[in-house]
Amino acid sequence: MSVDWYEWCRESFSQAEEEDRLIFLFLGASWDPATQTVQRKVFTHRAISTLLNHDYIPVQVDLDHRPDIYDRYSTEGWPCMAILTPQGSPIWVSNTFGEAELEKMLAQLKQAYQASREVVDQEIRDRDSKNAIERRKIYHMTCAVNDEIFRKTLQGIMISFDMDHMGFGGAPKYPHPSSLRVLANAFACVRGDDLRENLAGGLRPLEALFDDQDGGFFRFARRKDWSHVLTAKMCEENGELIRACLDGSKLLGEPLFRQFASQTAAWAHSTLWDGEVARFCGSQAAREIKTPPPVEPVHYTSGSAVMASAFLQAAIDLDFPEYGKAALHCIDGLWAEGFDPERGMCAIFHPRPKYYGQARSQASMLGALLDAYEFTGKAVYLERADYLLSFCRDRLWSEEDRGFLDRLSGEEVLGELKEPRKNLHENALLADGAIRFTFLTEKGDLDFPSEVLSAFPNFQDEYGHHTSHYAVAADRLIRPATEVDLYDATEDWRRATLAPFLSRRVVRHHTKGGNPYARVRIGKDFSGDYHTVEELSAVLGEL
């Protein structure tokens, strides 16, 4: 006997209220072996499926399709089970899936809720009120945006370095691409041996996650020695790792990192790229046999945008123009099919666009549009970035919370999603995009992104991996940018400008109808005009 699953939708919640049934929420991922095991072994158990079908409204959600739901209800990873009131407030959340324990919990919790409904509802109201006060207290603090954010984040990352097995932290071992970016930025400024050791030591163990059969990086390793690898591959994470490996190759001169990037890009192009719709599939399932597993036929705006940005850089660093063509085709298609002036970018295509207005999708798309402008010099990408930033400021910005909310208010008022929240990660990415846009257009000022970044508390001694995007944005705000103005540039000029690793590079394009040349500035210092590609390459290579 199987479970008759409902979707996360108003009809499911309405039925729960009308029939006075609790909601059983299961959050999993199509690529995850543990999710598949629970579905195959736990939910086919007759007693459990009977309880769920008769006494609950069982709702199943793919965490990749709905990261906003996952963020609200999951506590310790995936897959995750939660029992909710008919209004969607969590009563019980767990990552433990034994059949006997679950059967007992389902029966007892139903009876307990019916017998003590008023007590439980009051406890939920008290808990929610307390949590709201704590969030308001934290996010109404301010933090000075200075180099301490980057320094403390860098220190937190380096403290977590695993001297025995390399990488960061204990089990499970994740690749942490955003932390690798912090290390790369720091090493580019101060070529210290400790920074070299940490950057190289964060990249070398990726060999344990690398699929030497087909290319691409697996999700993570379950043990601290990088063994027992979960062999699913994610589009967005692989896009981030392509860029991290390309950066590491340029900064450290290690051919292995370039090889990782080259083979991962080739895998993404041959396996994830769907040329018919010009998007990347979201993931490839875990490998259980030698035959390559299927890819998920769902396209995510954030994953496709991040991979497209990686392909733009790979087109230059790997001298493979097809990657650039695919990337621009992808970015153009995402905008044409996925952007709504009233609701922003959609989150997924399945196959039609769905779930508009999530901050994560806006932030990833903003970054891809700015990368496309620097890569091509076409003003249309800056125009689209302007539209997207305006949407975020008009529809996602909250004066009360002093930041961008994670989703559109009023787009879907179900359960814990009734109140959009302000997240550090998404605010950091949107602030970073706003800073880049201001430099690229030379319009406005940096007061707004500064306000975004300052509206978070001082994390004291808790900076580290979770503040890495925040640190990169703060670093871009306060340190001088390397500004390159290209005049009547041809492709070789653009390649020379984008090839070196420059952590705070800004590339503006101008048309004057004359011979090509470049002007380079660092902060208030004027470096000079360069009239040959060789001169430009030489000066940028020294920075």
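Describing helix α16 (residues 424-441)
Moving on, step 1. Between its first and last C-alpha, α16 extends 26 Å over 18 residues, near the 26 Å set by a 1.5 Å rise per residue.
Moving on, step 2. Counted residue by residue, α16 has 16 buried out of 18 residues, so it is predominantly covered.
Moving on, step 3. Positive phi appears at glutamate 442, one or two residues downstream of α16, with a value of about 55 degrees.

Describing the sheet that holds strand β4 (residues 90-94)
Moving on, step 1. Read from one edge of the open sheet, four strands run β2-β1-β3-β4, paired in mixed fashion. In this open sheet, the two strands that pair with only one neighbour each are β2 (56-62) and β4. The mean inter-strand angle of the sheet, taken between neighbouring strand axes irrespective of direction, is 20 degrees.
Moving on, step 2. With four bridges joining them, strand β3 (residues 80-84) and β4 adopt antiparallel strand pairing.

Comments concerning the pairing of strand β19 (residues 517-522)
Moving on, step 1. In this sheet, β19 lies alongside strand β17 (residues 482-487) in antiparallel orientation, the contact comprising six bridges. Residue aspartate 485 lies in a different strand from β19, and its bridge partner there is arginine 519.
Moving on, step 2. Of the strand pairs in this sheet, β19 and strand β20 (residues 525-530) are connected by five bridges, and their pairing is antiparallel. Bridge assignment links arginine 521 to a residue of β20, and that residue is phenylalanine 526.
Moving on, step 3. Hairpin connection of β19 to β20: two residues between the antiparallel strands, including glycine 523 at a positive phi of 65 degrees.

Remarks on the pattern of salt bridges
Moving on, step 1. For the structure shown, the criterion picks out 30 salt bridges.
Moving on, step 2. With a closest N to O distance of 2.6 Å, aspartate 406 and arginine 72 form a salt bridge. Linking aspartate 406 in the loop between β16 (403-404) and α16 with arginine 72 in helix α4 (residues 67-73), this pair joins segments that are 334 residues apart in sequence. Accessibility assignment for this pair places aspartate 406 and arginine 72 in one class, buried.
Moving on, step 3. Three or more residues joined by partner-sharing salt bridges are found here, namely Glu442, Glu483, Asp485, Arg508 and Arg521.

Some words on the packing of helix α3 (residues 46-55) against helix α5 (residues 99-115)
A packed helix pair is summarised by two numbers, namely the angle formed by the two axes and the spacing between the axes.
Moving on, step 1. Closest axis-to-axis distance for the α3/α5 pair is 9 Å, and the angle between their directions is 25 degrees. Relative to α5, α3 is oriented roughly parallel. Every pair of crossing elements has a handedness; the one defined by α3 and α5 is left-handed. Listed contacts from α5 to Ala47, Ile48, Leu51, Leu52 and Asp55 of α3 are Glu99, Leu102, Glu103, Leu106, Ala107 and Lys110.

Let's talk about the state of the cysteines
Moving on, step 1. Going through the model one piece at a time under the given rule, you end up with zero disulfides.
Moving on, step 2. Cysteine 9 carries a free sulfur, and the closest cysteine sulfur to it, the one in cysteine 80, is 19 Å from it.
Moving on, step 3. This cysteine, cysteine 346, is not joined by any disulfide, and cysteine 330 carries the nearest cysteine sulfur, 11 Å off.
Moving on, step 4. With a relative accessible area of 0%, cysteine 346 lands in the buried category.

Thoughts on the nonpolar core
Proteins that are soluble and globular tend to have nonpolar side chains buried together.
Moving on, step 1. Residues Leu199, Phe311, Ile331, Met365, Tyr470 and Leu536 are the most contacted members of the largest nonpolar core, which totals 126 residues.
Moving on, step 2. Considering every element that reaches this core, the biggest residue donor is helix α14 (residues 359-376), with 10 residues.
Moving on, step 3. Non-local contacts of phenylalanine 311, meaning those with residues more than four positions away in its chain, are made with Ile242, Ala265, Ala268, His269, Phe280, Tyr323, Gly324, Ala326 and Ala327.
Moving on, step 4. Grouped together as the second largest cluster of nonpolar side chains are 25 residues, Phe13, Ile23, Tyr70 and Ala232 included.

With respect to a negative patch on the surface
Moving on, step 1. Together, Glu399, Asp445, Asp447 and Glu451 line one region of the surface with negative charge.
Moving on, step 2. Looking at the element boundaries, glutamate 399 is found in the loop between β15 (397-398) and β16.
Moving on, step 3. Residue glutamate 399 is classed as exposed on the basis of its relative accessible area, which comes to 60%.

Let's talk about the side chain of arginine 384
Moving on, step 1. Within the secondary structure, arginine 384 is located in helix α15 (residues 379-396).
Moving on, step 2. Exposure remark for arginine 384: the relative accessible area of 16% places this residue in the buried category.
Moving on, step 3. For arginine 384, the residues in contact, after removing those within four places along its chain, are Asp332, Trp335 and Leu369.

Calculation notes
- Residues numbered from 1 in each chain as written.
- Predicted model: local features only at pLDDT ≥ 70, side-chain atom pairs only at ≥ 80, totals over all residues.
- Heavy atoms only, no water.
- Helix = DSSP H or I, 4+ residues; strand = E, 2+ residues; numbered from the N terminus.
- Expected span 1.5 Å × (residues − 1).
- Buried < 20%, exposed > 50% of the residue type's maximum accessible area, 1.4 Å probe, protein only.
- Pairing = 2+ DSSP bridges.
- Axes fitted to C-alpha atoms, helices over the stretch in contact; angles between N-to-C directions.
- Salt bridge = Lys/Arg side-chain N within 4 Å of Asp/Glu carboxyl O.
- Parallel < 35°, antiparallel > 145°, perpendicular 65-115°, else oblique.
- Left-handed = near helix turned anticlockwise from the far one by under 90°.
- Contact = heavy atoms within 4.5 Å.
- Disulfide = S-S within 2.5 Å.
- Core = buried A, V, L, I, M, F, W, Y, C linked by side-chain atoms within 4.5 Å.
- Patch = residues over 30% accessible without salt bridge, like charges linked within 9 Å, V, L, I, M, F, W, Y side chains within 5 Å.
- Areas by Shrake-Rupley, 256 points an atom, 1.4 Å probe, with all protein chains shown as cover.
- Lys, Arg positive; Asp, Glu negative; His and termini not counted.
- Charge placed at Lys NZ, Arg CZ, Asp CG, Glu CD.

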